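A look at the structure
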Amino acid sequence: MILKGFEDLKEFLNRPKNIVIVGHRNPDGDAIGSTLALKLYLDKKGHSCTVVVPNDYPDFLNWLPSSDTAYRFDLQNSQSQKAIGKSDIIFLLDFNALHRVGSDMQNTLEKYPNEFVLIDHHQQPDDFKYMYSDIEICSTCQMVYQFIEMNNDLNLVDADIATCLYTGIMTDTGSFRFRSTTSKTHRIIADLIDKGAENDRIHNNVYDENSYNKLLLLGQALSNLQILPNYRTAYITLTNDEKKRFDFQKGDTEGVVNYALSLKGIIFAAIFIEDSDQNLIKISFRSKGSFSVNKFARNHFEGGGHDNAAGGKSDLEMAKTITKFTSLLPEYQSELINSYEV
Ligand code: 5GP
Ligand code: MN
């Protein structure tokens, strides 16, 4: 755990400030939940906060309290630049390095003359003046709760803030089932429910608003599933044509990789998704036990993340990407076979 400069930060935030709060590119439930929750909290403390996210986020998050106030850097560029330009400080939430916001926004942030505050749970964080980094914590939303707790301000957590925090903890823990979910996580969740988070409504809004096409795309993904039992590995591919056929919308493939990981005996799963906008293949890796997909993604696919959940990318076409992936497996065979999960 790294906690750096927070006494000074507290002092700095004693007077009202203009604050920008940033989440990573392709923001997920934890990025959106944590940025909005922090905004709502700091606004209550008398600051003036603007959330800026690099690009679009899935529809299943657009019901979150005050999500309509967040700027998209790609579409609302001048408003975003203006907010950044007049801000006294920028919070970076749910990512460990500036490149995770994408190159356009990274260029802007690299020229930023004031300080950054990092609150994040990913491995190998870059160095900033103010940092709260803890890779043991399941979600940035839990860290925002603990940040509010450190300031003795839990009484300021209202139903809207509780709803945002609950959502990010729920999505980053696979609904409270990953190993990162601790008794403390459950205690925090209990408090958030007491403060007005409606667990059934949140779950329904995030997971039970599927379109018919989304389910058909899932069907396609599952029929593309390949299993490599010698490496306890399974992977899924999705091409642009397949995505188009089922009217792919942002967020439609979220969680699909977990079906590959759910197979008996499988401890390493990947999904390879063609992304025509960026002209690359976006990859999600998941594992069980000691096999680190963070290292695997970092070493071979320009990515990273956590030990059991990471992402990366490939500039090669699909067939070549798969060949690269499968030909890497032999060097990991003993690690894969010995990962303790059965
Ligand atoms: P997902 O597979 O859901 O996109 O990402 C899984 C985890 O890995 C998330 O915590 C995410 O922030 C991280 N991650 C995804 N893609 C990348 C990447 O390209 N680089 C790094 N460093 N982390 C990533
Ligand atoms: Mn997260």
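Everything quoted here is computed from the prediction, not taken from an experiment.

1. Describing the overall build of the chain
From N to C terminus, the chain includes 13 helices and 13 strands. Against the globule reference of 20 Å for 342 residues, the chain gives a C-alpha radius of gyration of 20 Å, in line with a compact fold. With the C-alpha coordinates aligned to their principal axes, the bounding extent of the chain is approximately 60 × 40 × 40 Å. Each of the 342 residues in the chain was classed as buried or not, and the buried ones make up 54%.

2. Some thoughts on the domain arrangement of the chain
Accessible area lost when the parts come together is the quantity often used to give the size of an interface. What the domain assignment reports for the chain is domain 1 (2–207) and domain 2 (213–337). Between the C-alpha centres of domain 1 and domain 2 the distance comes to 27 Å. Taken together, the contact between domain 1 and domain 2 spans 15 residues of the former and twelve residues of the latter. Taken together, the two surfaces of domain 1 and domain 2 that pack against each other cover about 1100 Å², and 40% of this comes from carbon and sulfur. Run the count over domain 1 and domain 2 and you get zero salt bridges. Scanning the region where domain 1 abuts domain 2 turns up six residue pairs in polar contact (both at pLDDT 80 or more). Of the residues assigned to the side of domain 1 that touches domain 2, the class counts are three nonpolar, seven polar and five charged.

3. Things to note about the coordination of the manganese ion (ligand 2)
Of the protein atoms, only Asp30 (OD), Asp94 (OD), His121 (NE2) and Asp172 (OD) coordinate the manganese ion (ligand 2), at distances of 2.1 to 2.4 Å. When the donor residues of the manganese ion (ligand 2) are listed from N- to C-terminus, their spacing reads D-x63-D-x26-H-x50-D. Taken together, the residues histidine 121 in the loop between β6 (115–120) and β7 (130–133) and aspartate 172 in helix α6 (residues 159–172) connect sequence positions 51 residues apart. A single burial state applies to histidine 121 and to aspartate 172, both of which are buried.

4. Considering the site of ligand 1
Neighbouring ligand 1 are the residues Arg100, His122, Lys282, Ser284, Arg286, Gly303, Gly304, Gly305, His306, Ala309, Ala310 and Gly311. One of the side-chain N or O atoms of histidine 306 is found 3.1 Å from an oxygen atom in ligand 1. Burial of ligand 1 by the protein chains amounts to 79% of its free accessible area of 500 Å². Going through the elements one at a time, β11 (280–287), β12 (304–305) and β13 (309–314) are the ones with two or more residues in the shell around ligand 1. Here the shell around ligand 1 is composed, by residue class, of two nonpolar, seven polar and three charged.

5. Examining a nonpolar patch on the surface
A cluster of nonpolar residues, Met1, Leu3 and Met150, forms a patch on the protein surface that exposes about 310 Å² of accessible area. Here methionine 150 is to be found in helix α5 (residues 140–150). On the basis of relative accessible area, methionine 150 is assigned to the partly exposed category, the value being 33%.

6. Describing the packing of α5 against helix α7 (residues 183–194)
The geometry of α5 relative to α7 is characterised by a closest axis approach of 11 Å and an angle of 75° between their N-to-C directions. With respect to each other, α5 and α7 are oriented roughly perpendicular. Along the contact surface, α5 presents Gln142, Tyr145, Gln146 and Glu149, while α7 presents Lys184, Thr185, Ile188, Asp191 and Leu192. Within the contact of α5 with α7, the residues separate by chemical class into three nonpolar, three polar and three charged.

7. Looking at the layout of surface pockets
Volume-wise, the second largest pocket comes out at about 270 Å³. Taken together, the residues of the lining of the second largest pocket break down into five nonpolar, six polar and six charged. When residues of the lining of the second largest pocket are assigned to domains, at least three fall in each of domain 1 (2–207) and domain 2 (213–337).

8. Focus: the confidence of the model for the chain
The predicted model of the chain has a mean per-residue pLDDT of 97, with 99% of residues at 70 or higher. Ranking the elements of the chain by mean pLDDT puts β12 last with 94 and strand β2 (residues 18–22) first with 99.

9. Quick word on unusual backbone geometry
One non-glycine residue, serine 175, lies in positive phi territory at about 55°. Residue placement: serine 175 occurs in the loop between α6 and α7. Assessed through its relative accessible area of 26%, serine 175 is described here as partly exposed. Within the chain, phenylalanine 176 stands out as a residue other than glycine whose phi angle is a positive 65°. Relative to the helices and strands, phenylalanine 176 resides in the loop between α6 and α7.

10. Structural notes on the packing of aromatic side chains
All told, the structure shown has 22 aromatic pairs when counted by the stated rule. For the ring pair phenylalanine 116 and phenylalanine 128, a centre distance of 5.6 Å and an interplane angle of 70° mean the geometry is edge-to-face. Note that phenylalanine 116 is positioned in strand β6 and phenylalanine 128 in the loop between β6 and β7, a separation of twelve residues in sequence. Taking the relative accessible area as the measure of exposure, phenylalanine 116 reaches 9% and is therefore buried. On the accessibility criterion, phenylalanine 128 (9% relative accessible area) is buried. Ring geometry for phenylalanine 291 against tyrosine 332: centres 5.7 Å apart, planes inclined by 80°, an arrangement best described as edge-to-face. Placement of the pair is phenylalanine 291 in the loop between β11 and α12 (293–300) and tyrosine 332 in helix α13 (residues 318–338), with a sequence separation of 41 residues.

What counts and what doesn't
- Residues numbered from 1 in each chain as written.
- Chains lettered and ligands numbered in written order.
- Predicted model: local features only at pLDDT ≥ 70, side-chain atom pairs only at ≥ 80, totals over all residues.
- Heavy atoms only, no water.
- Helix = DSSP H or I, 4+ residues; strand = E, 2+ residues; numbered from the N terminus.
- Rg over C-alpha atoms; globule rule 2.2 N^0.38 Å.
- Buried < 20%, exposed > 50% of the residue type's maximum accessible area, 1.4 Å probe, protein only.
- Domains from an automatic or database assignment.
- Contact = heavy atoms within 4.5 Å.
- Buried area = accessible area lost by both parts, 1.4 Å probe.
- Salt bridge = Lys/Arg side-chain N within 4 Å of Asp/Glu carboxyl O.
- Polar contact = N/O pair within 3.5 Å; in protein donor to acceptor, adjacent residues only side chain to side chain.
- Nonpolar A, V, L, I, M, F, W, Y, C, P; charged D, E, K, R; others polar.
- Donors = N, O, S within 2.8 Å, 3.2 Å for Na, K, Ca; no water.
- Near = heavy atom within 4 Å.
- Areas by Shrake-Rupley, 256 points an atom, 1.4 Å probe, with all protein chains shown as cover.
- Patch = residues over 30% accessible without salt bridge, like charges linked within 9 Å, V, L, I, M, F, W, Y side chains within 5 Å.
- Axes fitted to C-alpha atoms, helices over the stretch in contact; angles between N-to-C directions.
- Parallel < 35°, antiparallel > 145°, perpendicular 65-115°, else oblique.
- 1 Å grid on protein atoms, 1.4 Å probe; cavity = no way out; pocket = protein on both sides within 12 Å on 5 of 7 lines; lining within 4 Å.
- Points joined across faces, edges and corners; volume = space filled by probe spheres on them.
- pLDDT = per-residue confidence, 0-100.
- Phe/Tyr/Trp six-rings, centres within 6.5 Å; stacked < 30°, edge-to-face > 60°.

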